[in-house]
Amino acid sequence: MRLLLAALQRLPLDYQVVLELHYWESMTTDEIAAALGLPPGTARSRVRRGRQLLEDSLAAAAQSPNLVESTLAGLERWIAAVRVHVRGAGR
């Protein structure tokens, strides 16, 4: 989790924002485009490029390729758990 957070923080802000909206807020690329005033193709490109930059950032910071693979494989599961935790804390 620390590796993932550190990797996210190294990304340019535009990519951090679209990844946060996509993963944490469960927004589609069309919804992201509307919220940020972007063309839909630009939003899709930023999500795709953001994922690639995240993977590159993880690879640069990780001790092993296996750690990168396991972190990326667990990304969706981890984000879902964070969503549940945050929503539960907001009650």
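In this report, the structure presented in the accompanying data block is examined. This structure is a prediction, so every number in the text was calculated from the model and none was measured. (Residues numbered from 1 in each chain as written. Predicted model: local features only at pLDDT ≥ 70, side-chain atom pairs only at ≥ 80, totals over all residues. Heavy atoms only, no water.)

## With respect to helix H1 (residues 2-9)
Spelled out, the test is: Only protein chains enter the accessibility calculation, which uses a 1.4 Å probe. A residue is then buried if its area is under 20% of the maximum for its type, exposed if over 50%, and partly exposed in between. Helix and strand definitions follow DSSP, with helices as H or I runs of at least four residues and strands as E runs of at least two, each counted in order from the N terminus. Taken from the helix axis, the directions to the C-beta atoms give the arc we talk about.
When H1 is considered as a whole, its buried residues turn out to be Leu3, Leu4, Ala7 and Leu8. Axial view of H1: buried residues confined to an arc of 130°, hence all on one face. For H1, the exposed residues lying more than 90 degrees away from the buried face are Arg2 and Gln9.

## A few points about the packing of helix H2 (residues 13-24) against helix H4 (residues 40-61)
When two helices pack together, their arrangement is given by the angle between their axes and by how far apart the axes lie. Where we set the bar: To obtain an axis, a line is fitted to C-alpha atoms, over the contacting stretch when the element is a helix, and the angle between two such axes runs from 0 to 180 degrees between their N-to-C directions. Note on angle classes: values under 35 degrees are labelled roughly parallel, values over 145 roughly antiparallel, values of 65 to 115 roughly perpendicular, and the remainder oblique. Any two residues having at least one pair of non-hydrogen atoms within 4.5 Å are treated as being in contact. Any residue that is not Ala, Val, Leu, Ile, Met, Phe, Trp, Tyr, Cys, Pro, Asp, Glu, Lys or Arg is counted as polar, Gly included; the first ten are nonpolar and the last four charged.
H4 packs onto H2 with a crossing angle of 105° between their chain directions and a minimal axis gap of 9 Å. One element, H2, and the other, H4, form an angle in the roughly perpendicular class. Contacts between H2 and H4 involve Asp14, Tyr15, Val18, Leu19, His22 and Tyr23 on the former and, on the latter, Arg46, Val47, Arg49, Gly50, Arg51, Leu53 and Leu54. Broken down by class, the residue content of the contact of H2 with H4 amounts to seven nonpolar, two polar and four charged.

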